[in-house]
Amino acid sequence: MSRRVLRTPELDSDSNDEDIPMEIRVAADEAIENILPAKSRAYYRKVYIEYVDWKFVKNVVMSNGVILLAYFNHLSKNLALSTLWSKYSILKTMILKEENTNIGNHEKLKKFLEEKNVGFQAKKSLAFTENNLRAFFLHAPDHEFLAAKAVAATAISGACRRVEAHRITIDDVVDKGTYLVITLEKTQTHVDRTFTVNNPLREVIIKYMKLRPHDTAHRRLFLGYHNGKCTREPMGINKIGHIPQQIATWLGLPQPEKYSGHSFRRTSATWLINTGGTMEDLKRHRTWESSTVAESYIAESMQQKHKVNDRITSGLLDEENENSGSFAAYKRLRTHSDSESMPSTSGSHLTDRPKSHALNIAGHGSLNSSGPSINIQLNDCCLQ
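Caption draft 1: Broad picture of the overall build of the chain. For the chain, the helix and strand inventory stands at 16 helices and eight strands. Pairs at least 24 apart in sequence give 53% of the contacts found in the chain among residues at least 6 apart. By element, 53% of the accessible surface of the chain is carried by carbon and sulfur atoms, the whole surface being about 24,400 Å².

Written as structure tokens, this is what we have:
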């Protein structure tokens with residue numbers, strides 16, 4: 001059985017009109033081709049050809065909701081959910097390009113994928129804590145780990161992907177004395193991005209750069225590093241991506257294999273939020289438009305949970321709020337209820353008893369009785 005060869009349909013029924021000049025047709029073809037990402041065109045076509053081959057085996061030609069639902073049900077038996085969504089996105093583009101059909105209008109297909117998404121948790125690279133990297137920068141020997149420190153200082157400061165760190169050249173780094181200005185060109189979002197690296201991390205990078213051989217033929221910032229010396233060869237992208245695992249291994253962290261090239265990016269996002277940065281700060285620094293994408297980079301931390309709890313419960317039992325609004329009304333109602341339900345002694349209610357017991361919980365859990373009101377302060381408290 002030979003593969004069926006499909007011709008690319010024209011944009012619309014008028015595109016066969018012989019009156020359309022050739023120049024216009026060529027321009028239209030170029031516009032259609034530019035729909036595909038330049039670096040992924042071969043993979044997009046591969047995914048589409050797989051779909052066409054499946055249709056040929058099933059003896060169908062068109063692409064409609066029923067056929068697409070059957071195809072993705074077939075794929076779901078062997079592929080992870082993240083891969084299903086990737087193929088859906090690719091086929092949405094390719095079928096629109098090749099068959100002039102928008103599969104995004106097929107609600108049953110989207111519902112099928114969304115149902116598969118219930119309870120799914122994507123595997124994410126782990127993020128470092130500040131204490132983790134403080135220990136690494138201060139105690140890991142430079143003779144072995146100076147290059148790793150320089151990469152970590154750069155990637156965390158700029159929330160760099162491994163490919164972005166790999167592309168940085170010495171021309172992209174400007175030393176301002178107390179800080180470095182580093183420019184990232186050709187980022188994934190196609191927007192140049194600039195960030196700074198302040199002291200003392202600047203000093204780590206400068207120390208590493210001073211080891212660069214004078215006769216290095218290229219301009220890449222990160223070079224191979226061995227026994228306290230830089231080589232002339234640029235550090236490979238896979239080597240850069242492996243550095244977080246090396247750091248985790250040296251620190252003795254559990255599951256070091258879960259620290260990947262994306263760990264520095266997640267670490268940067270998490271630290272920014274933990275130190276008081278807003279979601280808008282995070283989106284601006286990383287050139288993200290989507291809050292959902294930004295939130296996906298923030299690692300769960302007890303520090304962040306503590307801050308969230310503080311925002312929720314702040315002032316709940318403060319003296320300043322005790323006599324205000326609904327709390328005062330609740331207190332009056334509760335006092336009245338207590339007085340009615342209290343058993344009498346010697347024919348009278350215990351009206352001379354204290355209205356409330358005083359608690360003062362502060363510092364490390366001391367418990368003292370003082371004053372007529374409730375004053376609870378929780379310091380250094382973290383709920384898990």
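Caption draft 2: Representation of unusual backbone geometry in the model. The omega angle of the peptide bond from N199 to P200 is 5°, so this bond is cis rather than trans. Mapped onto the elements of the fold, P200 is located in the loop between strand 3 (193-198) and helix 9 (201-209). Phi angles above zero are rare outside glycine, and N227 is one such case at about 50°. Structurally, N227 is set in the loop between strand 4 (223-226) and strand 5 (229-234). The class of N227 is partly exposed, set by a relative accessible area of 47%.

Caption draft 3: Geometry of the nonpolar core. Within the largest apolar cluster, 42 residues are counted, with the highest numbers of intra-cluster contacts made by F128, Y208, F222, M235, I247 and F264. Secondary-structure elements contributing two or more residues to this core are helix 6 (130-139), helix 7 (142-158), strand 2 (179-184), strand 3, helix 9, strand 4 and helix 10 (237-251). Broken down by element, the residue count for this core peaks at 10 residues, all from helix 7. Counting residues in each nonpolar core, the second largest holds 23 residues, with L68, L75, L84 and L91 among its members.

Caption draft 4: Highlighting the environment of K258. Locating K258 in the fold gives a position in the loop between helix 10 and helix 11 (263-274). Spatially, the C-alpha atoms of K258 and A127 are 9.2 Å apart, while their sequence positions differ by 131 residues. For K258, the residues in contact, after removing those within four places along its chain, are S125, L126 and S263.

Caption draft 5: Spotlight on the packing of helix 2 (residues 41-57) against helix 3 (residues 65-76). Taken N-terminus to C-terminus, the directions of helix 2 and helix 3 make an angle of 110°; their axes are 11 Å apart at the nearest point. Considering the angle they form, helix 2 stands roughly perpendicular to helix 3. Contacts between helix 2 and helix 3 involve E50, Y51, W54 and K55 from the former and I67, L68, A70, Y71 and H74 from the latter. Looking at the contact of helix 2 with helix 3 residue by residue, the class counts come to six nonpolar, one polar and two charged.

Caption draft 6: Looking closely at the pairing of strand 2. Of the pairings in the sheet, the one linking strand 1 (residues 173-175) to strand 2 comprises three bridges and is antiparallel in character. Each bridged residue has a counterpart across the sheet, and for V173 the counterpart in strand 2 is I182. Hairpin connection of strand 1 to strand 2: three residues between the antiparallel strands, including G177 at a positive phi of 100°. Where strand 2 meets strand 3, six bridges bridge the pair, whose relative direction is antiparallel. Bridge pairing links L180 to V197 in strand 3.

Caption draft 7: Region of interest: the sheet that holds strand 3. If you walk across this open sheet you meet the three strands as 1-2-3, and the pairing is antiparallel. One side of each edge strand has no neighbouring strand; the edge strands of this open sheet are strand 1 and strand 3. Each strand axis lies, on average, 20° off the axis of its neighbour in the sheet, ignoring direction. Together, strand 2 and strand 3 form the strand contacts of helix 7, whose direction differs from that of strand 3 by roughly 125°. Helix 9 contacts strand 1, strand 2 and strand 3 of the sheet and is inclined by roughly 95° relative to strand 3.

Caption draft 8: Up close: helix 2. For helix 2, spanning 17 residues, the distance from its first C-alpha to its last is 25 Å, which sits close to the expected 24 Å at 1.5 Å a residue. Those residues of helix 2 not exposed but buried are Y44, V47, Y48, Y51, V52, W54, K55 and F56. Summarising the contacts, the buried residues of helix 2 are in contact with helix 3 and helix 4 (81-99).

Caption draft 9: Structural context of the pattern of salt bridges. Inspection of every chain in the model, using the stated rule, returns 14 salt bridges. With a closest N to O distance of 2.8 Å, E50 and K46 form a salt bridge. You can see E50 and its partner K46 sitting in helix 2, four residues apart, about one turn around the helix. When its relative accessible area of 44% is taken as the criterion, K46 is described as partly exposed. Close ionic contact of E99 with K55 constitutes a salt bridge, the shortest N to O distance being 3.4 Å. With E99 in helix 4 and K55 in helix 2, the pair connects residues that are 44 residues apart, well separated along the chain. Judged by relative accessible area, which is 18%, E99 ranks as buried. On the accessibility criterion, K55 (2% relative accessible area) is buried. Counted as one network, the salt bridges with shared partners bring together K46, E50 and K87.

Caption draft 10: Seen up close, the packing of aromatic side chains. Applying the stated rule across the entire model yields 14 aromatic pairs. Between the aromatic rings of Y71 and F72, the centroid separation amounts to 5.9 Å while the plane-to-plane angle is 80°, which identifies the pairing as edge-to-face. F72 matches Y71 in its accessibility class, with the two residues each being buried. A ring pair is formed by F136 and F137, whose centres lie 5.9 Å apart and whose planes are at 70°; its orientation type is edge-to-face. Summarising the burial analysis for this pair, F136 and F137 share the class buried. An aromatic cluster is defined as three or more aromatic residues linked by ring pairs; in this entry it consists of Y48, Y51, W54, Y71, F72, W85 and Y88.

Rules used throughout
Residues numbered from 1 in each chain as written. Predicted model: local features only at pLDDT ≥ 70, side-chain atom pairs only at ≥ 80, totals over all residues. Heavy atoms only, no water. Helix = DSSP H or I, 4+ residues; strand = E, 2+ residues; numbered from the N terminus. Contact = heavy atoms within 4.5 Å. Areas by Shrake-Rupley, 256 points an atom, 1.4 Å probe, with all protein chains shown as cover. Buried < 20%, exposed > 50% of the residue type's maximum accessible area, 1.4 Å probe, protein only. Core = buried A, V, L, I, M, F, W, Y, C linked by side-chain atoms within 4.5 Å. Axes fitted to C-alpha atoms, helices over the stretch in contact; angles between N-to-C directions. Parallel < 35°, antiparallel > 145°, perpendicular 65-115°, else oblique. Nonpolar A, V, L, I, M, F, W, Y, C, P; charged D, E, K, R; others polar. Pairing = 2+ DSSP bridges. Expected span 1.5 Å × (residues − 1). Salt bridge = Lys/Arg side-chain N within 4 Å of Asp/Glu carboxyl O. Phe/Tyr/Trp six-rings, centres within 6.5 Å; stacked < 30°, edge-to-face > 60°.

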